[in-house]
Amino acid sequence: NSGQCPKTEKDKAEMRRVSYALTIGSLMYVMVYTRPDIAFDVGIVSRYMSNPGMQHWAVVKWILRYRRGTPSVYLIYGSGKPMLEGFTDSDMSGDVDSNRSTSGYVMTYPGGVVSWPSRLKKVVVLSTTKAEYMAAMEAEKELIWMRDFLSELGMKQEKFLLHCDN
């Protein structure tokens, strides 16, 4: 949270020696092209790029250790049944600084991940039901767009499936 950002000039000078932004940029590249499993964590630490603290840097190093410890986890385009399938989830006021929720989804086609955003909401929701509903609605819009796109490519999708944890 923002309470962990450096406040004294000594702490700020110490953090200037850390290549925080460069490392976050590298993690974003890896996240987008091969590792959707780190999207949420990278999204959190990237919020503090303008004033990162040592605790934020510790989380970045944890993500790097996780990546080094899981070399066999990577993005694979599947060869399963050609059907669009989505999975969605949201938290309730997960951002301690603004009380806003984070939601995201993962879309697969034929079993391979093709889309996986994770976003901090622009509004504060007052219930978990609304947070989950908003996440499902965004995922549904993506599925409809993907269905129409596949239709333009000549791959008709009669139905698609959206999984929600509620």
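Residues numbered from 1 in each chain as written. Predicted model: local features only at pLDDT ≥ 70, side-chain atom pairs only at ≥ 80, totals over all residues. Heavy atoms only, no water.

**Quick word on the environment of Arg-100**
Among the structural elements, Arg-100 can be located in the loop between strand S1 (85–90) and strand S2 (102–108). By relative accessible area, which is 24% here, Arg-100 ends up partly exposed. Each C-alpha atom of the pair Arg-100 and Ala-131 lies 9.5 Å from the other, and the pair is 31 residues apart in sequence. Discounting chain neighbours no more than four positions away, the residues touching Arg-100 are Ser-93, Gly-94, Asp-95, Leu-120, Lys-121, Lys-122, Val-123 and Val-124. (Helix = DSSP H or I, 4+ residues; strand = E, 2+ residues; numbered from the N terminus. Buried < 20%, exposed > 50% of the residue type's maximum accessible area, 1.4 Å probe, protein only. Contact = heavy atoms within 4.5 Å.)

**Digging into the packing of aromatic side chains**
As enumerated under the stated definition, the model contains three aromatic pairs in all. Judged by centre distance (6.2 Å) and plane angle (55°), the rings of Tyr-20 and Trp-57 are tilted. With a gap of 37 residues between them, Tyr-20 in helix H2 (residues 20–33) and Trp-57 in helix H4 (residues 54–69) connect regions that are remote in the sequence. For the pair Tyr-20 and Trp-57, a shared accessibility class is recorded, and that class is buried. On the numbers, 5.3 Å between centres and 5° between planes, the contact of Trp-145 with Phe-149 is stacked. Placement of the pair is Trp-145 and Phe-149 together in helix H5 (residues 128–152), with a separation of four residues, close to one helical turn. (Phe/Tyr/Trp six-rings, centres within 6.5 Å; stacked < 30°, edge-to-face > 60°.)

**So, the packing of H2 against H4**
Two elements in contact, H2 and H4, have axes whose closest approach is 11 Å; the angle formed by their N-to-C orientations is 35°. Here H2 and H4 pass one another in a crossing that is left-handed. Along the contact surface, H2 presents Tyr-20, Thr-23, Ile-24, Leu-27 and Val-30, while H4 presents His-56, Trp-57, Val-60, Ile-63, Leu-64 and Arg-67. By residue class, the composition of the contact of H2 with H4 is eight nonpolar, two polar and one charged. (Axes fitted to C-alpha atoms, helices over the stretch in contact; angles between N-to-C directions. Left-handed = near helix turned anticlockwise from the far one by under 90°. Nonpolar A, V, L, I, M, F, W, Y, C, P; charged D, E, K, R; others polar.)

**Some words on the pairing of S1**
Judged by which residues are buried, S1 turns out to be one-sided: Gly-86, Thr-88 and Ser-90 face inward and are buried, whereas Glu-85, Phe-87 and Asp-89, on the alternate face, are not. Alignment of S1 against S2, held across six bridges, turns out to be antiparallel. Across the sheet, residue Gly-86 finds its bridge partner in S2, namely Met-107. As judged from the four bridges shared by S1 and strand S5 (residues 161–164), these two strands associate in the parallel manner. Bridging from a neighbouring strand, Gly-86 pairs with Leu-162 of S5. (Pairing = 2+ DSSP bridges.)

**Regarding the pattern of salt bridges**
Counted by the stated rule, this structure contains three salt bridges. One salt bridge connects Arg-16 with Glu-9, and the closest N-O pair in it is separated by 3.7 Å. Each member of the pair, Arg-16 together with Glu-9, is exposed. Between Arg-147 and Asp-148 there is a salt bridge, with its nearest N and O atoms 3.2 Å apart. (Salt bridge = Lys/Arg side-chain N within 4 Å of Asp/Glu carboxyl O.)

**Observations regarding the nonpolar core**
Counting 17 residues, the largest nonpolar core has Tyr-20 and Val-60 as the members making the most contacts within it. It is H2 that provides the largest number of residues to this core, a total of four residues. (Core = buried A, V, L, I, M, F, W, Y, C linked by side-chain atoms within 4.5 Å.)

**Side note on the packing of helix H3 (residues 39–46) against H4**
The N-to-C vectors of H3 and H4 enclose an angle of 155°; their axes lie 10 Å apart at closest approach. Classified by the angle their axes make, H3 and H4 are roughly antiparallel. Between H3 and H4 lies a crossing of left-handed hand. Packed against H3, whose contacting residues are Asp-41, Val-42 and Val-45, the element H4 presents His-56, Val-59, Val-60, Trp-62 and Ile-63 at the interface. For the contact of H3 with H4, the class distribution of residues is six nonpolar, one polar and one charged. (Parallel < 35°, antiparallel > 145°, perpendicular 65-115°, else oblique.)

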